[in-house]
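Below, each chain spelled out in residue letters.
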Amino acid sequence: MNNSNGSTATVRAAGVNIKDLRKSYGSNEVLKGISLTVEPGQVVCLIGPSGSGKSTLLRCVNLLEQPNAGTINVGKFEATDPDVDLNRMRQSVGMVFQHFNLFPHLSVLDNCTISQMKVLKRSKSEAGDVAHRNLERVGLGHLADRYPDQLSGGQQQRVAIARALSMDPQLMLFDEPTSALDPETVGDVLAVMRKLAQEGMTMLVVTHEMGFAREVADRVVFMDAGVVVEEGPAENVISAPTQPRTKEFLRRVLDPTHIDVVDE
């Protein structure tokens, strides 16, 4: 659970309030009226089967996908207001994807400074100082001069987190950040995310890592077929779900060897 006491990092956290969010691709309605609130400093994990709308929901929060209906408020910004200052709103939201999306021709340090200089108009020196601090936060300060192809997948993902943190976000979105990683490197990325949670960062996380969700999340939201089926405290939802669909999903995730036998 979150605990900002004793943290050396200063985090300005923003909450998220989503009401009746709908998103369709043609006749396929992917989000069917999602309502969800994340308080400042909370960690909320979205779980559910592939195709349930989790990643689409995340991408709607910073308008990488344009919702068809509903409202999204991120801190002081109403993201779905046609007159919102989209660039300023997006500056307050950091996003980490399944794949790292680093610039292969730039060093680790330059990957973490380019957006600062272009968007935040920081000097090269100031951007470098901020990048070095965030690379140290994720345990990679000693690799600032390396290039992405010289790093493991887990290291590249931690660089992606440092890059997002270098923009001073008030909300972090994680879209299955460990799904493309070797099992050996998953723990390093999750450790960084635990640290961010302890520092008080608001986080909305799509994940299949049930141990992480149980340990770190304030709340878990189970989605299926574009709706919220069940939500509540992490321990309750994961250890004692009340909805049959949640029970079925968690049984399969927590015990992949389980096979349902149907009598003829």
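Relevant structure appears above.
Residues numbered from 1 in each chain as written. Predicted model: local features only at pLDDT ≥ 70, side-chain atom pairs only at ≥ 80, totals over all residues. Heavy atoms only, no water.

### Structural notes on the pattern of salt bridges
Within the structure shown, the criterion is met by twelve salt bridges. One salt bridge in this structure joins R214 and E235, with 3.8 Å as the shortest N-O distance. Remark: E235 occurs in helix α8 (residues 234-239) and R214 occurs in helix α7 (residues 210-216); sequence separation between them is 21 residues. According to the relative accessible area criterion, R214 is partly exposed, its value standing at 31%. With a closest N to O distance of 3.1 Å, R219 and E231 form a salt bridge. Taken together, the positions of R219 in strand β9 (residues 219-224) and E231 in strand β10 (residues 227-233) put the pair twelve residues apart, joining distant regions of the chain. Classification of R219 by relative accessible area gives buried; the value is 17%. (Salt bridge = Lys/Arg side-chain N within 4 Å of Asp/Glu carboxyl O. Helix = DSSP H or I, 4+ residues; strand = E, 2+ residues; numbered from the N terminus. Buried < 20%, exposed > 50% of the residue type's maximum accessible area, 1.4 Å probe, protein only.)

### What to know about the sheet that holds strand β4 (residues 69-74)
Judged by pairing direction, the sheet is antiparallel, and its four strands sit side by side in the order β2-β1-β4-β5 without closing on themselves. The open sheet has two edge strands with one neighbour each: β2 (28-38) and β5 (77-78). For strand β1 (residues 16-25) and β2, the ladder comprises eight bridges, and the chain directions are antiparallel. Of the residues in β2, the one forming a bridge with Y25 is N28. (Pairing = 2+ DSSP bridges.)

### Comments concerning the packing of helix α5 (residues 153-165) against helix α6 (residues 183-199)
In the contact formed by α5 and α6, the axes pass within 8 Å of each other and the chain directions differ by 20°. Classed by the angle they form, the pair α5 and α6 counts as roughly parallel. In this structure, α5 crosses over α6, and the sense of that crossing is right-handed. Within the contact between the two elements, α5 uses G154, Q157, R158, I161 and L165 and α6 uses T185, D188, V189, V192, M193 and L196. Broken down by class, the residue content of the contact of α5 with α6 amounts to six nonpolar, three polar and two charged. (Axes fitted to C-alpha atoms, helices over the stretch in contact; angles between N-to-C directions. Parallel < 35°, antiparallel > 145°, perpendicular 65-115°, else oblique. Left-handed = near helix turned anticlockwise from the far one by under 90°. Contact = heavy atoms within 4.5 Å. Nonpolar A, V, L, I, M, F, W, Y, C, P; charged D, E, K, R; others polar.)

### A short note on the environment of G211
Tracing the sequence through the fold places G211 in helix α7. When its relative accessible area of 48% is taken as the criterion, G211 is described as partly exposed. Remark: the alpha-carbon pair of G211 and I238, spanning 27 residues in sequence, is separated by 9.3 Å.

### Regarding the nonpolar core
Core analysis: the biggest nonpolar cluster contains 47 residues, and L135, I161, M172, F174, M193, M203 and V220 have the highest contact counts within it. Sorting elements by how many residues they give to this core places α6 first, with seven residues. Setting aside residues no more than four positions away along its own chain, V220 makes contact with C45, I47, A213, E230, E231, G232, A234, V237 and I238. Counting 28 residues, the second-largest nonpolar core is a separate cluster that includes L46, L58, V74 and M223. (Core = buried A, V, L, I, M, F, W, Y, C linked by side-chain atoms within 4.5 Å.)

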